[in-house]
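Each chain, letter by letter, is given below.
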Amino acid sequence: RKKRGGGVMEDSVIAALSNEQIKGKCLDIGTRDGLNCLTLVNYGAESVLGIDTDTSQFEKYQVVKAEKKIKLIEQDLFTMDGTEKFDVITCFLWNFGFPRIDDFGVKVSSLLKSNGVFYLGLVDGFYIRPKHGVSVQTRLRSYFPNTLQISKAGSAQTIWKMKVE
């Protein structure tokens, strides 16, 4: 496994997805520099749309810009029109916060094709084990009842594989 510059967070994504079957059309939410899009392509994605509201990192890596299967655009997830459906959706380093969990769950599940897969990565223990209330992954189970943690213990971020089924 060759590190491309994304550091331990990217390494945690590469490790968690290494045993997964990535196929079809993918969406990467909060794509930042697009390195996770490249990982999806390397693991079998036919195409990847990376979206972010901050495009300042889009030009960071030539290897991402050169990959024809990747398209990076400035887009807010919540304003996507919903006509395009995806086989795989990823959101690593969760950054939506508790007030938007239900909006997020509805939107992501509406963008997934039947039998689609959603991968969620969390770093902050506040979201994984809050002192009060319910964790992000537990709240999202109402939208994705089939949920399995796929990251190994000690990983930089905890990653779940979620399905609607």
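Just so you know, the residues in each chain are numbered from 1, in the order the chain's sequence is written. The model is predicted, so local features are restricted to residues of pLDDT at least 70 and side-chain atom pairs to those at 80 or more, both for listing and for counting; the totals for chains, interfaces and linings are taken over all residues. The side-chain numbers reported here are obtained from all heavy atoms of the structure, hydrogens and water having been left aside.

Trainee: Tell me what's going on with helix H4 (residues 101-111), and back it up with residues and numbers.
Mentor: For H4, every residue scored as buried is listed here: Ile 101, Phe 104, Gly 105, Lys 107, Val 108 and Leu 111. Each element contacted by the buried residues of H4 is listed here: strand E1 (25-29), strand E4 (86-91), strand E5 (112-122) and helix H6 (136-140). The rule is simple: take the accessible area with a 1.4 Å probe, protein chains only, and divide by the maximum for that residue type; under 20% is buried, over 50% is exposed, in between is partly exposed. Per the convention used, a helix needs a DSSP run of H or I reaching at least four residues, while a strand needs a run of E reaching at least two, with both numbered from the N terminus. Any pair of residues with heavy atoms lying within 4.5 Å of one another is described as a contacting pair.

Trainee: Just give me the short version of the packing of helix H1 (residues 7-17) against helix H2 (residues 35-42), but keep the residues and values in it.
Mentor: As a rule, the C-alpha atoms of each element are fitted with a line to give its axis, helices using only the stretch in contact, and angles between N-to-C directions run from 0 to 180 degrees. At their nearest, the axes of H1 and H2 sit 10 Å apart, and the two run at 20 degrees to each other. The orientation of H1 relative to H2 falls into the category roughly parallel. In terms of crossing hand, the pair formed by H1 and H2 is right-handed. Along its contact with H1, which presents Glu 10, Val 13, Ile 14 and Leu 17, the element H2 presents Leu 35, Asn 36, Thr 39 and Leu 40. Note on residue categories: nonpolar means Ala, Val, Leu, Ile, Met, Phe, Trp, Tyr, Cys or Pro, charged means Asp, Glu, Lys or Arg, and polar means any other residue, Gly included. Across the contact of H1 with H2, the residue classes tally to five nonpolar, two polar and one charged. If an angle is under 35 degrees, it is roughly parallel; if it is over 145, roughly antiparallel; if it lies from 65 to 115, roughly perpendicular; otherwise it is oblique. Should the near helix be turned anticlockwise from the far one by less than a right angle, the crossing is left-handed, and should it be turned clockwise, the crossing is right-handed.

Trainee: Now, about unusual backbone geometry: what can you tell me, with residues and values included?
Mentor: Of note, Arg 32 is a non-glycine position whose phi angle comes to about 55 degrees, a positive value. One non-glycine residue, Asn 115, lies in the positive phi region at around 65 degrees. On the basis of relative accessibility, which here comes to 56%, the residue Asn 115 falls in the exposed class.

Trainee: Describe the confidence of the model for the chain, and please don't skip the residues or the numbers.
Mentor: Detailed reading of the predicted model is not advised wherever pLDDT is low. Values of pLDDT, ranging from 0 to 100, describe the predictor's confidence in every residue of the model. Per-chain confidence: the chain averages 90 in pLDDT, with 96% of residues scoring 70 or above. Confidence, expressed as mean pLDDT per element, reaches its minimum in the chain at helix H5 (residues 125-128) with 74 and its maximum at E1 with 98.

Trainee: Provide a residue-level description of the side chain of Thr 158, including the pertinent values.
Mentor: When you line up the elements, Thr 158 lands in strand E7 (residues 158-163). In this structure Thr 158 comes out as buried when scored by relative accessible area, which is 18%. Those residues in contact with Thr 158 that sit more than four places away from it in its chain are Leu 120, Gly 121, Leu 122, Ile 128, Gln 149 and Ser 151.

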